[in-house]
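Chain by chain, the residues:
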Amino acid sequence: GNPVQRFAPNLLNLVPALVVASMTLHQRLCSIFQATANKFLYGFNLRDLSALFKGLLLSTPETVQTSLSLVRLWAHEAHRVYGDRLNDDKDAELFRKALVETVKKCFDRQSASDQALESCCAALADVDEASVMRMPLLFCHFSRGLGDAKYGESEGYISLSGILQQALSAYNELNPVMELVLFEDAISHVCR
C-alpha cells in the first residue's frame, strides 16, 4: 500500500498545520532577512521551502510516531534550511524568535490561531512551544546506531558520541589513525 498510510492518523491530520507553518515561517524570514554583499546567502526562495519539505519526507513511521516528534522534525529542518545560513549571533536570535512565534501560532494548542488548523487541534495535544524547542534538536540517519540507517531524532549528545566513537574506531582499524575530539559542536556538525 501507500507508505503515507502507515503513519498514524493523528500525524496525517497535522499536514495542514505543517503547510501553514512552513509558509508562515518562510514569508516571515524572507521579510526579516535580505541578501546583501556580506550576507549573500540570505536570499531565501522557493527552493528553500522545497528543501524544508524534502527534509520532512526523510521521516518514516518507525522514527516519527508522535505529533511532538513530527513538529520537532519540522523545527529541525527549519534550522538546517534557514538557520544554518545565518552568519552572526544577532541574526541567529532573530531566526529563533521567528521560529518560536511560528510554533506558537501554528502548533501550540494554547495559542494556535489559524481557523484552518482547527482540525489539527486533537493531534496537537502533546505539543507546546517549550517541548518543540527543547535542545538539543538533532535528527540524523544514525540516531539508532550505525547498522540502522533511519532518519530520526537522537537521544542526545551522549548517545551520539557513543555511536560516533564506534564509527571512528572502525575507521581507524582500516585507515591511518585519525584522532578526533567529539565535542558537542563537532557532533552537531556531523549530524548536519
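### Concerning the pattern of salt bridges
Scanning all chains against the criterion turns up ten salt bridges. One salt bridge connects Arg-96 with Glu-93, and the closest N-O pair in it is separated by 3.4 Å. Here Arg-96 pairs with Glu-93, and both are found in helix H5 (residues 89–106), just three residues apart, close to one helical turn. A relative accessible area of 36% means that Arg-96 is categorised as partly exposed. Lys-104 is the partner of Glu-129 in a salt bridge, and the nearest nitrogen-oxygen pair spans 3.7 Å. In this pair, Glu-129 is assigned in helix H6 (residues 129–133) and Lys-104 in helix H5, connecting sequence segments 25 residues apart. Looking at Lys-104, the relative accessible area reads 36%, which means it is partly exposed.

### Description of the packing of helix H7 (residues 157–174) against helix H8 (residues 184–191)
Two numbers describe how H7 lies on H8: the axes approach to 10 Å, and their chain directions differ by 70 degrees. What the angle tells us is that H7 and H8 run roughly perpendicular. Contact residues: Tyr-157, Leu-160, Ser-161 and Leu-164 in H7; Glu-184, Ile-187, Ser-188, Val-190 and Cys-191 in H8.

### Some words on H8
Looking only at H8, the buried set comprises Ala-186, Ile-187, Ser-188 and Cys-191. Elements in contact with the buried residues of H8: strand E1 (139–140) and H7.

### A look at the packing of aromatic side chains
Evaluation of the coordinates by the stated rule reveals five aromatic pairs. Between Phe-33 and Tyr-42, the ring centres sit 5.5 Å apart and the planes meet at 85 degrees, which makes this aromatic pair edge-to-face. Phe-33 sits in the buried class, given a relative accessible area of 4%. Taken together, a centroid distance of 5.0 Å and an interplanar angle of 80 degrees make the contact between Phe-44 and Tyr-82 edge-to-face. Pair noted here: Phe-44 is in the loop between helix H2 (15–32) and helix H3 (46–56) and Tyr-82 is in the loop between helix H4 (67–81) and H5, with a separation of 38 residues, a long-range link. The class of Tyr-82 is buried, set by a relative accessible area of 0%. One aromatic cluster is present, built from ring pairs that chain together Phe-33, Tyr-42, Phe-44 and Tyr-82.

### Some points on the nonpolar core
In globular proteins that are soluble, nonpolar side chains generally tend to be buried together. Counting 41 residues, the largest nonpolar core has Trp-74, Tyr-82 and Phe-107 as its most contacted members. Put simply, the parts of the chain that give this core at least two residues each are H2, H3, H4, H5 and H6. When residues of this core are assigned to their parent elements, the largest contribution, eight residues, is made by H4. One finds Cys-140, Ile-163, Leu-182 and Ile-187 within the second-largest nonpolar core, a separate group that totals nine residues.

Basis of the calculations
Residues numbered from 1 in each chain as written. Predicted model: local features only at pLDDT ≥ 70, side-chain atom pairs only at ≥ 80, totals over all residues. Heavy atoms only, no water. Salt bridge = Lys/Arg side-chain N within 4 Å of Asp/Glu carboxyl O. Helix = DSSP H or I, 4+ residues; strand = E, 2+ residues; numbered from the N terminus. Buried < 20%, exposed > 50% of the residue type's maximum accessible area, 1.4 Å probe, protein only. Axes fitted to C-alpha atoms, helices over the stretch in contact; angles between N-to-C directions. Parallel < 35°, antiparallel > 145°, perpendicular 65-115°, else oblique. Contact = heavy atoms within 4.5 Å. Phe/Tyr/Trp six-rings, centres within 6.5 Å; stacked < 30°, edge-to-face > 60°. Core = buried A, V, L, I, M, F, W, Y, C linked by side-chain atoms within 4.5 Å.

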